[in-house]
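# An overview of the molecular structure
So the chains spell out like this:
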Amino acid sequence: MRHLIDPTDLTTNEVEELMNRAIDIIGHPARYAEVCHGKKLATLFYEPSTRTRLSFTSAMMELGGQVLGFSDARSSSVSKGETVADTVRVVSCFADIIAMRHYKEGAPRVASEFSRIPIINAGDGGHSHPTQTLTDLLTIRRELGHFDHLTIGLCGDLKYGRTVHSLIKAMNRYDGTRFVLISPPELRLPDYMKHELYVDGKPDFVEVNTLEEAMPMLDVLYMTRVQQERFADLSEYERLKDSFILDEERMRLGKESMIVLHPLPRVNEITTGVDKDRRAAYFRQVENGKFVRMALIYTLLQWKEEERKGETPDVGRYDMICSNDRCITATEPVERKFYKDKDGVLRCHYCDHAV
Ligand code: CP
């Protein structure tokens, strides 16, 4: 059975299939109005959300299906100590597909190993957010028309910004993608993501200190907020939160054809004055999120009926533990599994941290 836990769970051909499906949905919504009649989506949200949860809900409704779930783990039996594994075993009895957001990295991966129905990762800690990436890809496709030979600036919190990690993994598969990383030193891309961007042992990306340096190079500027909820020390958050602010003056340095994306919510990293610039695509991006989630729900349910299989991860069991305290294995009794990356580094199957 197919799940969506990591953006690379989909081949580039399958991404193309999903993009085409989403565009068909936009053009012909009536064709899809009943395709999920009688099906139920469970939204299990252990962390706050506006866009992701509501766009999943709206997507399933527009496909003619129904939605159940929780938006606050305190109102579920999780508050009594129920594990992710047991929760999904139970919800598999009530629904046809699950969208899960969790503060622990790797929780949706664990869910996929115990579920009888498809699991969609709706964001796990600072790790990954593959449906945001599908949203970003649909926006790039609709705004720019292609994925090849794009220079993408990633700005803000690259350490905890899960949307950045997923977008890098997805876009790194297309010809000629160049990444420009713009962040304070304390919020640089983690090592397990940087290694994705090394070719023959050398970094295949540019790191700059200012937005001004990056702006003229970019086809896509991907802004992110500094993730307050991931900081143990709030004074550190206060010190870093305003490191990069996109305003009208800096927009003047960008190409006419550039687009600005942001997964939202924004705090103050983009001034509201930028919103009226036609290159500001972040609210159009939100709407694309509903269409691409409609395409994803429809497709995963179809693949389940067809019994379409994906690749089985090549993992081993070693007598060691993951050192990432944000990993689901730190708090739940999960079988420890590891894999070797392309450089031979052993990494946790659930959160990708090196051990
Ligand atoms: N982009 C995004 O994930 O937003 P929410 O946290 O509101 O779902």
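These numbers were taken from a predicted model, which means no experiment stands behind them. (Residues numbered from 1 in each chain as written. Predicted model: local features only at pLDDT ≥ 70, side-chain atom pairs only at ≥ 80, totals over all residues.)

### Observations regarding the overall build of the chain
When helices and strands are counted, the chain shows 11 helices and 13 strands. For a compact globule of 355 residues, the expected C-alpha radius of gyration is about 20 Å, and the chain comes in at 20 Å, within 12% of that figure. Considering only C-alpha atoms, the chain reaches an extent of 55 × 55 × 40 Å along its principal axes. In the chain, buried positions account for 44% of the 355 residues. In the chain, 74% of the contacts between residues at least 6 apart in sequence involve partners at least 24 apart. (Helix = DSSP H or I, 4+ residues; strand = E, 2+ residues; numbered from the N terminus. Rg over C-alpha atoms; globule rule 2.2 N^0.38 Å. Buried ≥ 20, exposed ≤ 12 C-beta atoms within 10 Å, placed from the backbone. Contact = placed C-beta atoms within 7 Å.)

### Remarks on the site of the ligand
The full set of residues close to the ligand is Ser49, Thr50, Arg51, Thr52, Gly123, Gln132, Pro263, Leu264 and Pro265. Across the shell around the ligand, the residue classes break down as three nonpolar, five polar and one charged. Counting contributing residues per domain, the shell around the ligand is built from domain 1 (7–129 + 288–306) and domain 2 (130–286), each supplying no fewer than three. (Near = placed C-beta within 6 Å. Nonpolar A, V, L, I, M, F, W, Y, C, P; charged D, E, K, R; others polar. Domains from an automatic or database assignment.)

### Considerations on the environment of His262
With respect to the element layout, His262 can be found in the loop between strand 11 (259–261) and helix 11 (282–306). Note on His262: 25 C-beta atoms within 10 Å, which makes it buried. Along the chain, His262 and Lys337 lie 75 residues apart, while their C-alpha atoms are 34 Å from each other. With residues up to four places along the chain from it excluded, the contact list for His262 reads Met223, Thr224, Ile270 and Tyr282.

### As for helix 6 (residues 162–171)
Owing to its 3.6 residues per turn, the α-helix brings residues three or four apart onto one side. The buried fraction of helix 6 is high, at nine of 10 residues. Along its buried surface, helix 6 packs onto strand 4 (119–124), helix 5 (130–144), strand 5 (151–155), strand 6 (178–182), helix 7 (191–194) and strand 10 (220–223).

### Section: the nonpolar core
The tendency in soluble globular proteins is for nonpolar side chains to be buried as a group. In this structure, Ile98, Tyr222 and Ile297 are the most contacted members of the largest nonpolar core, which totals 91 residues. Among the elements that take part in this core, helix 11 stands out by supplying nine residues, more than any other. Built from parts of two domains, this core gets at least three residues from each of domain 1 (7–129 + 288–306) and domain 2 (130–286). Every residue in contact with Ile297, bar those within four places of it in the chain, is listed here: Cys36, Leu41, Ala59, Met60, Leu63 and Ile97. (Core = buried A, V, L, I, M, F, W, Y, C linked by C-beta atoms within 7 Å.)

### Notes on the sheet that holds strand 11
Judged by pairing direction, the sheet is parallel, and its five strands sit side by side in the order 9-6-5-10-11 without closing on themselves. At either margin of the open sheet sits one strand with a lone partner, and together these are strand 9 (206–208) and strand 11. Direction aside, neighbouring strands of the sheet carry axes that sit 20° apart on average. Pairing of strand 5 with strand 6, which is carried by five bridges, proceeds in the parallel orientation. Residue Leu154 lies in a different strand from strand 6, and its bridge partner there is Leu181. (Pairing = 2+ DSSP bridges. Axes fitted to C-alpha atoms, helices over the stretch in contact; angles between N-to-C directions.)

### Re the domain arrangement of the chain
Structurally, the chain comprises domain 1 (7–129 + 288–306) and domain 2 (130–286). Between the C-alpha centres of domain 1 and domain 2 the distance comes to 25 Å. With 24 residues of domain 1 at the interface, the matching set in domain 2 holds 26 residues. At the level of elements, helix 1 (12–27), helix 2 (51–62), strand 4 and helix 11 are the ones that each hand at least two residues to the side of domain 1 that touches domain 2. Counting residues per element, the side of domain 1 that touches domain 2 draws most heavily on helix 11, at six residues. When the residues that make up the side of domain 1 that touches domain 2 are grouped by side-chain class, the tally is 10 nonpolar, 12 polar and two charged.

### Focus on the pairing of strand 5
Most of strand 5 is tucked away, with four of its five residues classed as buried. In terms of handedness, the path from strand 5 via helix 6 over to strand 6 forms a crossover that is right-handed. Where strand 5 and strand 10 come together, four bridges link them in parallel fashion. When the bridges of strand 10 are listed, Cys155 appears paired with Met223. (Right-handed = clockwise from strand over helix to strand, strands pointing away.)

### Notes on the sheet that holds strand 4
Within a sheet, each strand pairs with its neighbour through backbone hydrogen bonds, oriented either parallel or antiparallel. As summarised here, the arrangement of the four strands in space is 2-1-3-4, forming an open sheet in which the pairing is parallel. Each edge of the open sheet carries a strand with a single partner, namely strand 2 (66–70) and strand 4. The sheet shows a mean angle of 15° between the axes of neighbouring strands, direction not considered.

### A few points about the packing of helix 5 against helix 6
Their axes nearest at 8 Å, the elements helix 5 and helix 6 cross at an angle of 60°. Here helix 5 lies oblique to helix 6, going by the angle between them. In the packing of helix 5 onto helix 6, the handedness of the crossing is right-handed. For the pair helix 5 and helix 6, contact is made by Pro130, Gln132, Thr133, Asp136 and Leu137 and by Thr163, Ser166, Leu167 and Ala170, respectively. Looking at side-chain class alone, the contact of helix 5 with helix 6 contains four nonpolar, four polar and one charged residues. (Parallel < 35°, antiparallel > 145°, perpendicular 65-115°, else oblique. Left-handed = near helix turned anticlockwise from the far one by under 90°.)

### Focus: unusual backbone geometry
The step from Leu264 to Pro265 runs through a cis peptide bond, and the omega angle for that step is 5°. On the secondary structure map, Pro265 appears in the loop between strand 11 and helix 11. The phi dihedral of Leu264 falls on the positive side, at around 65°, and the residue is not glycine. Along the chain, the position of Leu264 falls in the loop between strand 11 and helix 11.

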